[in-house]
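Residue-level structure breakdown
The residues making up each chain are set out below.
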Amino acid sequence: TLAILVEKWWQDRTKTWLLYNPQNSQLIDTLARFSSDSYFESPGQPIFTKRGGYKHLLLEDSSIFLSGNTFEEEHGVVPILEKRNLYNKNAEVLWKSSAPHYEKVVALSGQDYFEQEIIVARQSEISPQNLVKINLDDQNEVLLTYNKNTTDYFKESLVEKDLLYNREDGVALQASLYYNKDSFEIRGVLPGLIYAYPVEFKDHAAASEVFTSPYFYKSSVSLQKILALAGYAILDYASFPIIGIDETHPNDTYLEQIISNSEAIINAAEETGIVDPENIAIMGHSYGAFMVANLLTNTTLFKTGIAMSGAYNRSLTPFGFQREYRTYWEAKELYHKMSPFQNADKIQSPIMLVHGQDDDNPGTHFLQSERYFEALRGLGKTVRYVALPNEAHVYRLEESNLHLFWEIDNWLRRHLVNNTFNIQKTLSKEF
C-alpha cells in the first residue's frame, strides 16, 4: 500500500510530496518539493478514482497521473496530462490541450488502470465549460454536458481586454478591463471600478507569474460585467501581490505594497485612454474588503470603496489571519497598523460595507462590519452598511444579488463624479 503525504510549510511557502507506506509508517522517498506560491513549479494535481466510497490514487506500472500546466508564449497556460513514475521520477506527457480550447483533465477512465480515455473540462473564448470524453487512441470525442452560450448580448456592447503591466519595483501584474463601447463613444473616458483580492508571496518570481490564456471563456455573467454594461470601466481581478522582501514577512510592508499595486493599476488604466484616473472606486470581498478599507484609510487614490464581508479589527482574529501566522501577542504593532477599525479616524473617503448576516467564515464574522460601521458613524465619516439576511460568506440568493446591484449603483452614482447612468435600466433590459 502506498500513499502520498503532502507537507506544507507556510513560513517559506513550500510544499513537499512524500511517498509514504501507511502500513508501517515508513517514508520511502521525496517525490517533489516546490513553491506553493507558484503555478508552474507545481507538478500538478494527482488523478484519483473512487471505489467503495473512497478516493484512491490511480496507479499503473508504479506511476501516477498528474493534471498539470505548462506555459507557452503564444498560448499562455497550456494544461497537460503526465504519467510520472514514483520510483525513478521519469515523466511522460500523454496529452496536451490544444488551440482554440482551454482543456483541463478532470478524470481518467478505468477504476484500477488507465484505459486511454480522459474526461476534460473544455472551454473556449466563445463557448462555456463542458465536459468532453476523449479517446487518446483514435481521438474520438463524446460531449457529456451541453452548456450553451446564453450571454450573446455581452458581445453587442461589452469590450474585454487583458491588461499586462508592471509595478514600480518591476513585478509583473495583470487585470481584465471591461467597458461598454457605446458608453465610451458617447462619454469619452469612463469612471473606473477596480475589483481586487490581495495574495501573499515569498518571492518576486512567483508573484510575477501570469496565469492567462486566450482561450478562456469570456462571456460569463458577473456583477463586474453588469456594472460594465451600465457604463463603468471595470478593472477586474487586478493583481495585488504582497511579497516578502529579503527575510521580511509579506505583511511587514502590507500597506506600502497595496498602495504600490493601486498606483500601478491606476497608471495602467490611464494609459488605455478609457478610464478617468481621477474618478476611480475600489471594491473587494473578504480579504479584498479588508484591503479596500485599508486603502481608503491610508490613501486618497480612490473616490470611494465597497467592502463586502470583510474583517476590520485584527485583534479579533488574534491567532493569525490569511497567511499571517504570527499571533497578536507576537506582532501587536503590526495587527494595529493593519486594522482599519483601530485607524477609523483616518479614513478619507466614503465607504459602503456589505455583509451576510449568516457569514459562516470564522475570520469574517458579521460583527466585524457592524462594529466598524458604528465606529465610522460615530466619527462622522461617510459610511453605509448593508446587511443581507440569510446569506453566508458568499451571496447566493437572487434577491440578495439584485439588491446588491441596486446598492452599488446608487452608491457609485452618488460618489463618482458626473455619474448619471443607471444600472437598473440595464438590469430590466437584460433580465
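Since the structure is predicted, the reported quantities are computational estimates derived from the model, not experimental observations. (Residues numbered from 1 in each chain as written. Predicted model: local features only at pLDDT ≥ 70, side-chain atom pairs only at ≥ 80, totals over all residues. Heavy atoms only, no water.)

If you tally the helices and strands in the chain, you get 10 helices and 22 strands. Computed over the C-alpha atoms, the radius of gyration of the chain is 24 Å, within 12% of the 22 Å expected from 2.2 N^0.38 for a compact globule of 431 residues. Projected onto its principal axes, the C-alpha coordinates of the chain cover approximately 70 × 55 × 45 Å. For the chain, contacts bridging at least 24 residues in sequence account for 58% of all contacts bridging at least 6. Entry remark: accessible area of the chain is about 20,600 Å², with carbon and sulfur atoms responsible for 49%. The centroid of the 39 positive side-chain charges in the chain is displaced by 4 Å from the centroid of its 56 negative side-chain charges. (Helix = DSSP H or I, 4+ residues; strand = E, 2+ residues; numbered from the N terminus. Rg over C-alpha atoms; globule rule 2.2 N^0.38 Å. Contact = heavy atoms within 4.5 Å. Areas by Shrake-Rupley, 256 points an atom, 1.4 Å probe, with all protein chains shown as cover. Lys, Arg positive; Asp, Glu negative; His and termini not counted. Charge placed at Lys NZ, Arg CZ, Asp CG, Glu CD.)

Let us now look at helix α8 (residues 367-378). If you check α8, its first and last C-alpha atoms are 16 Å apart, about what 12 residues at 1.5 Å a residue would give, namely 16 Å. For α8, every residue scored as buried is listed here: Q368, S369, Y372, F373 and L376. Taken end-on, α8 shows its buried residues confined to a sector of 125 degrees, consistent with a single buried face. Within two residues after α8, G380 carries a phi angle of roughly 80 degrees, on the positive side. (Expected span 1.5 Å × (residues − 1). Buried < 20%, exposed > 50% of the residue type's maximum accessible area, 1.4 Å probe, protein only. Arc of directions from axis to C-beta.)

A separate point is unusual backbone geometry. In this structure, P100 follows A99 across a cis peptide bond, with omega equal to 5 degrees. Within the secondary structure layout, P100 lies in the loop between β10 (91-96) and β11 (102-108). We note that S62 has phi near 60 degrees; this positive angle belongs to a residue other than glycine. Along the chain, the position of S62 falls in the loop between β7 (59-60) and β8 (63-72). Assessed through its relative accessible area of 33%, S62 is described here as partly exposed. A positive phi angle, near 60 degrees, is found at N390, a position not held by glycine.

Moving on: the nonpolar core. Of all hydrophobic cores here, the largest spans 58 residues; its most connected members are Y165, I194, Y254, M291, I351, L353 and Y372. Counting 27 residues, the second largest nonpolar core, distinct from the first, contains I234, V354, L404 and W411. (Core = buried A, V, L, I, M, F, W, Y, C linked by side-chain atoms within 4.5 Å.)

What follows deals with the sheet that holds strand β3 (residues 26-35). On the basis of which strands lie adjacent, the open sheet formed by 3 strands has the order β1-β2-β3 and antiparallel pairing. Two strands bound the open sheet, and with one partner strand each, they are β1 (3-9) and β3. Neighbour-to-neighbour, the strand axes of this sheet turn through a mean angle of 25 degrees, independent of strand direction. Note: strand β2 (residues 14-21) against β3, 8 bridges, orientation antiparallel. Its bridge partner being in β3, T16 is matched across the sheet by R33. (Pairing = 2+ DSSP bridges. Axes fitted to C-alpha atoms, helices over the stretch in contact; angles between N-to-C directions.)

The subject of this paragraph is the confidence of the model for the chain. Model confidence for the chain is summarised by a mean pLDDT of 89, while 94% of its residues fall at 70 or above. Every residue in residues 420-431 scores below 50 in pLDDT, and together they form 29 contacts with partners more than four places removed in sequence or on other chains. (pLDDT = per-residue confidence, 0-100.)

Looking now at the environment of Q342. Summarising the element assignment, Q342 is placed in the loop between α7 (332-337) and β21 (351-356). Remark: the alpha-carbon pair of Q342 and N313, spanning 29 residues in sequence, is separated by 6.8 Å. Not counting residues within four places of it along the chain, the set of residues in contact with Q342 comprises Y312, N313, S315 and H336.

Attention now moves to the side chain of Q174. Relative to the helices and strands, Q174 resides in strand β16 (residues 172-180). Setting aside anything within four residues of it in sequence, one finds Q174 in contact with L163, L164, Y165, E209, V210, F211, T212, Y237, A238 and S239.

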